[in-house]
Amino acid sequence: MTTQAPSIDGAGPSVVFELGTAFCTAKCLLTALELSLFTVLGDDELTAEELRVKLDLHPRGTRDFLNVLAALGLLENNGGRYRNSALAGRHLVRSNDGYVGGFLERANHMLYPAWGRFGEMLRNGKPTAEADYMEMIKEPDRLRRFLGMMDALTSLIVPELAKALDWTAYRSVVDVGGARGNLTGGLVKAHPHLAGTVFDLPEMRSPFEEHMRTLGVEGSATFHAGDFFTDPIPPADVVVIGHVLHDWSPDECRMLVRKAFDAVRPGGKLVVYDRMVDEDGTDLTNLIISLDMMLTTPGGAEYPASEYQSWFTEAGFSATEVAPLGENDTVVIGHKAG
C-alpha cells in the first residue's frame with residue numbers, strides 16, 4: 001500500500017502550521033511508549049489523577065497530554081476516565097501479540113534526535129545518528145530496543161511471507177542478518193517441514209536460542225555465526241534477506257546479492273524484502289523511511305524494485321518477480337536455474 005500526501009490545494013495556513021508541528025504529536029506518542037502508558041492502562045479505565053500517580057508525573061501537563069492521545073485516537077476519554085482505544089490495545093500494549101512499539105521505542109531514542117539535524121545530512125550527505133551495529137550489540141538497552149524493533153517489523157511480515165511462496169517445494173531457508181530469528185521462527189512454525197537457519201554475528205547466538213525456546217521451535221531452527229561481508233552465506237533452497245540491503249550502498253548491495261546467488265541451491269530462490277520506494281516518488285511513507293536510512297547509515301537508502309531486479313540479473317538469477325508484501329513492504333524474488 002502506498003501512502004500519498006493529501007492534497008492541500010486551497011487549504012488555509014492552519015494546515016501549514018499542522019504540517020510544521022507534526023513532530024509535537026509524534027513526541028506525545030513516543031513519550032507515552034517511553035512511560036509504558038498503554039501497557040500500564042491495559043484493560044483498565046483510569047482517571048487522569050490515577051494515571052498521573054501510576055506514571056509518577058507532575059500535575060502540570062498530565063491532563064492535556066492524555067487528551068492529545070485521545071484526540072489522536074489512541075485513548076478514549078469517557079467522562080474523565082481514560083482507556084486504551086482498540087488500536088492502542090492491539091498494537092501498543094507490550095504483552096499483546098500485535099505489539100509494534102519496539103520500532104517506535106527505537107525511533108524515539110535514535111530517529112527523533114537524528115531528524116533534529118536533518119539539514120546537516122542534506123548539506124553533507126553524512127548520517128547524523130549512525131547506527132553502529134557492533135557497538136550496539138554490546139549494550140543491553142540498545143540491543144533490547146533493536147531486537148524489539150526487528151521483532152515488531154518481522155511479526156507483520158511473517159504471515160505475508162509464509163504465503164508468498166509455495167514453501168512445500170523447498171526444504172531449507174536461511175535468513176541473512178536475521179537477528180534473534182523472529183522471522184525464521186515464524187516460518188518454521190507455519191511450515192514445519194522447513195529447516196530454518198539464522199545467519200548473523202556470533203553475539204546474536206544467545207538471544208536467538210532464548211527466542212527459539214520462547215517460540216517453541218528450538219528443534220527446527222539453528223544459528224550459523226558469521227559476517228555476511230567476510231564469510232560465505234550458508235547454502236539453502238531459499239535465502240531471505242529482509243530489511244538488510246537498505247542499510248548499504250548500491251555497490252555493497254550488489255556484492256551481497258552475488259553472495260546470496262552462490263548460497264541459493266539450484267532451483268531455489270532469493271527472497272529480498274524492504275520498504276522500497278516507487279518509481280515515481282509518490283509513496284510518502286517509504287520516502288520518509290528512505291530518509292531515515294540516510295540519517296542513520298553512511299550509504300543506505302530505500303531503493304526502487306527495478307534496482308533490486310538489476311542486481312539480481314547481474315548476479316545470475318534467471319528470472320525475477322516483484323510483489324507487494326503487507327502494507328508497506330515490497331518483495332523481489334529471484335529464481336536460480338536448476
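Asker: Help me out: how do you make sense of the nonpolar core in this one?
Answerer: As a rule of thumb, soluble globular proteins bury nonpolar side chains together. Of all hydrophobic cores here, the largest spans 33 residues; its most connected members are Leu161, Trp167, Leu183, Val238, Val240, Val271 and Tyr273. For this core, the secondary-structure elements that each account for two or more residues are helix 10 (140-162), helix 11 (182-190), helix 12 (205-215), strand 6 (221-225), strand 7 (236-242), strand 8 (264-274) and strand 10 (329-335). Sort the elements by how many residues they give to this core and helix 10 lands first, with 10 residues. Sequence-distant contacts of valine 271, that is, excluding residues within four places in its chain, are made with Leu161, Leu165, Val238, Val239, Val240, Ile241, Val331, Val332 and Ile333. By size, the runner-up hydrophobic cluster in this structure holds 29 residues, among which are Val174, Cys253, Ala263 and Val332.

Asker: Please clarify how the packing of aromatic side chains should be interpreted in this entry.
Answerer: Evaluated as defined, the whole model comprises 10 aromatic pairs. Consider the rings of phenylalanine 208 and phenylalanine 223, whose centres lie 5.4 Å apart with planes at 45°: the pair is tilted. Placement of the pair is phenylalanine 208 in helix 12 and phenylalanine 223 in strand 6, with a sequence separation of 15 residues. In this structure, phenylalanine 208 and phenylalanine 223 share a single accessibility class: buried.

Asker: Got a minute to help me understand the pairing of strand 3 (residues 81-84) in this structure?
Answerer: Along any regular strand, the residues point their side chains to alternate faces of the sheet. Residue alternation in strand 3 divides its side chains into a buried set, Tyr82 and Asn84, and an unburied set, Arg81 and Arg83. Of the strand pairs in this sheet, strand 1 (residues 46-47) and strand 3 are connected by 2 bridges, and their pairing is antiparallel. Among the inter-strand pairings, leucine 46 is bridged to a residue of strand 3, identified as tyrosine 82. Both strand 2 (residues 75-78) and strand 3 contribute to a ladder of 4 bridges, which runs antiparallel. In the sheet register, glutamate 76 faces strand 3, and the bridge partner there is arginine 83. Here strand 2 hands over to strand 3 after 2 residues, with glycine 79 in that stretch at a positive phi of 60°.

Asker: So what exactly am I meant to see when it comes to the packing of helix 10 against helix 11 here?
Answerer: Each packed pair of helices is defined by two parameters, the angle between the axes and the distance between the axes. Across the interface, helix 10 lies against helix 11 with an axial gap of 9 Å and an inter-helix angle of 30°. The orientation of helix 10 relative to helix 11 falls into the category roughly parallel. Relative to helix 11, the crossing made by helix 10 is right-handed. Residues Asp151, Thr154, Ser155, Ile157, Val158, Leu161 and Ala162 of helix 10 form the contact with helix 11, whose own contacting residues are Asn182, Leu183, Gly186, Leu187 and Ala190. Residue classes in the contact of helix 10 with helix 11 are distributed as 7 nonpolar, 4 polar and 1 charged.

Criteria and thresholds
Residues numbered from 1 in each chain as written. Predicted model: local features only at pLDDT ≥ 70, side-chain atom pairs only at ≥ 80, totals over all residues. Heavy atoms only, no water. Core = buried A, V, L, I, M, F, W, Y, C linked by side-chain atoms within 4.5 Å. Buried < 20%, exposed > 50% of the residue type's maximum accessible area, 1.4 Å probe, protein only. Helix = DSSP H or I, 4+ residues; strand = E, 2+ residues; numbered from the N terminus. Contact = heavy atoms within 4.5 Å. Phe/Tyr/Trp six-rings, centres within 6.5 Å; stacked < 30°, edge-to-face > 60°. Pairing = 2+ DSSP bridges. Axes fitted to C-alpha atoms, helices over the stretch in contact; angles between N-to-C directions. Parallel < 35°, antiparallel > 145°, perpendicular 65-115°, else oblique. Left-handed = near helix turned anticlockwise from the far one by under 90°. Nonpolar A, V, L, I, M, F, W, Y, C, P; charged D, E, K, R; others polar.

From the geometry alone we can't say anything about function, so treat these as descriptive.
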